Amino acid sequence: MKIQLYYYPGNANLAPHLLLQEAGCDVELVLVDRDRREQKSANYLRLNPNGVIPTLVCGELVLFESAAICLYIADQYPSARLIPPLGSSERAHLYKWLFFLSNTVQPAYMAYRYPEKYAANLTQSDGAQPTSGAVDEVRAAAAARAMQAFEVIENAWGSGPFMLGEAYSACDAYLYMLTWWARKLPRPPHRMERIGACIDAVGRRSATQRACAAEGIEVRFEI
Ligand SMILES: N[C@@H](CCC(=O)N[C@@H](CS)C(=O)NCC(=O)O)C(=O)O
């Protein structure tokens, strides 16, 4: 079945894309041009009513939310071994980390990157722009939340090199994406020992390199 991934280079499509490449899928990348706000176009909103990227289309199935897409890909391609066996404690840990990454780390990063969206909602009822003080406060608090969340991951690390141990899995792809996004945090996660080693290992995988090349991005952590 043909798979389409609606993407913008380096956006939340990156983790699902890494997994599609791991699984050897013949994926069609469909650009959603953020510069032209195509994510808010009527056509795209029919696929993803949130107006955000990514969306995966596979036959009749239309799926949004990058973590859900990652789990779907892992389930669809068992031979790629992107998720531990059903019922195992390793699988439970994968759920835990994937939810933590998408529920805690990602929203904190988003508030750090786009604080004006969060400050406006918190402080303004008349549609006026938030004050720069409010934006700065949201950004500082969000940075602290994101760094603390990455530290939780770092401190809970097992034997490695990957999040679940010896085997690469879907949560490593997600961690790679978020660690790259978060490279400008005051305490960037790629400099943490265990996360840094994992990111290096993910970056060396040929599937990662194919995905980044196909999206036209160069993933550099030091800036
Ligand atoms: N929880 C969603 C978040 C998706 C999201 O916020 N995507 C960003 C790009 S990384 C986006 O489309 N932003 C454009 C916008 O908000 O208009 C997911 O993980 O799929």
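Residues numbered from 1 in each chain as written. Predicted model: local features only at pLDDT ≥ 70, side-chain atom pairs only at ≥ 80, totals over all residues. Heavy atoms only, no water.

1. Some points on a nonpolar patch on the surface
Item 1. A cluster of nonpolar side chains, namely Leu86, Tyr95 and Phe99, defines an oily patch on the protein surface of about 340 Å² accessible area.
Item 2. Within the secondary structure, Tyr95 sits in helix 4 (residues 89-113).
Item 3. On the basis of relative accessibility, which here comes to 32%, the residue Tyr95 falls in the partly exposed class. (Patch = residues over 30% accessible without salt bridge, like charges linked within 9 Å, V, L, I, M, F, W, Y side chains within 5 Å. Areas by Shrake-Rupley, 256 points an atom, 1.4 Å probe, with all protein chains shown as cover. Salt bridge = Lys/Arg side-chain N within 4 Å of Asp/Glu carboxyl O. Helix = DSSP H or I, 4+ residues; strand = E, 2+ residues; numbered from the N terminus. Buried < 20%, exposed > 50% of the residue type's maximum accessible area, 1.4 Å probe, protein only.)

2. What about the sheet that holds strand 1 (residues 3-7)?
Item 1. The mixed open sheet is built from four strands, whose spatial order is 2-1-3-4. Only two strands of the sheet have a single neighbouring strand rather than two, namely strand 2 (27-31) and strand 4 (61-64). Within the sheet, the average angular offset between the axes of one strand and its neighbour, ignoring direction, is 20°.
Item 2. The sheet contacts of helix 3 (residues 66-76) involve strand 3 (55-58) and strand 4, and relative to strand 4 the element is tilted by about 130°. (Pairing = 2+ DSSP bridges. Axes fitted to C-alpha atoms, helices over the stretch in contact; angles between N-to-C directions. Contact = heavy atoms within 4.5 Å.)

3. Some details on the domain arrangement of the protein chain
Item 1. Along its sequence, the protein chain is organised into domain 1 (3-80) and domain 2 (89-205).
Item 2. Taken together, the contacts link 14 residues of domain 1 with 17 residues of domain 2.
Item 3. Each partner contributes to the roughly 1,200 Å² buried at the junction of domain 1 and domain 2, and carbon and sulfur atoms together form 71% of this total.
Item 4. When the buried surface of domain 1 facing domain 2 is broken down by residue, Leu18, Glu22 and Leu71 rank first, second and third, together holding 32% of it.
Item 5. Across the contact surface, domain 1 and domain 2 share two salt bridges.
Item 6. As a salt-bridge pair, Arg205 and Glu22 come within 2.7 Å of each other at their nearest N and O atoms.
Item 7. Linking domain 1 to domain 2 there are five residue pairs in polar contact (both at pLDDT 80 or more).
Item 8. Counting residues per element, the ones that place at least two in the side of domain 1 that touches domain 2 are helix 1 (14-22) and helix 3.
Item 9. Of the residues assigned to the side of domain 1 that touches domain 2, the class counts are eight nonpolar, three polar and three charged. (Domains from an automatic or database assignment. Buried area = accessible area lost by both parts, 1.4 Å probe. Polar contact = N/O pair within 3.5 Å; in protein donor to acceptor, adjacent residues only side chain to side chain. Nonpolar A, V, L, I, M, F, W, Y, C, P; charged D, E, K, R; others polar.)

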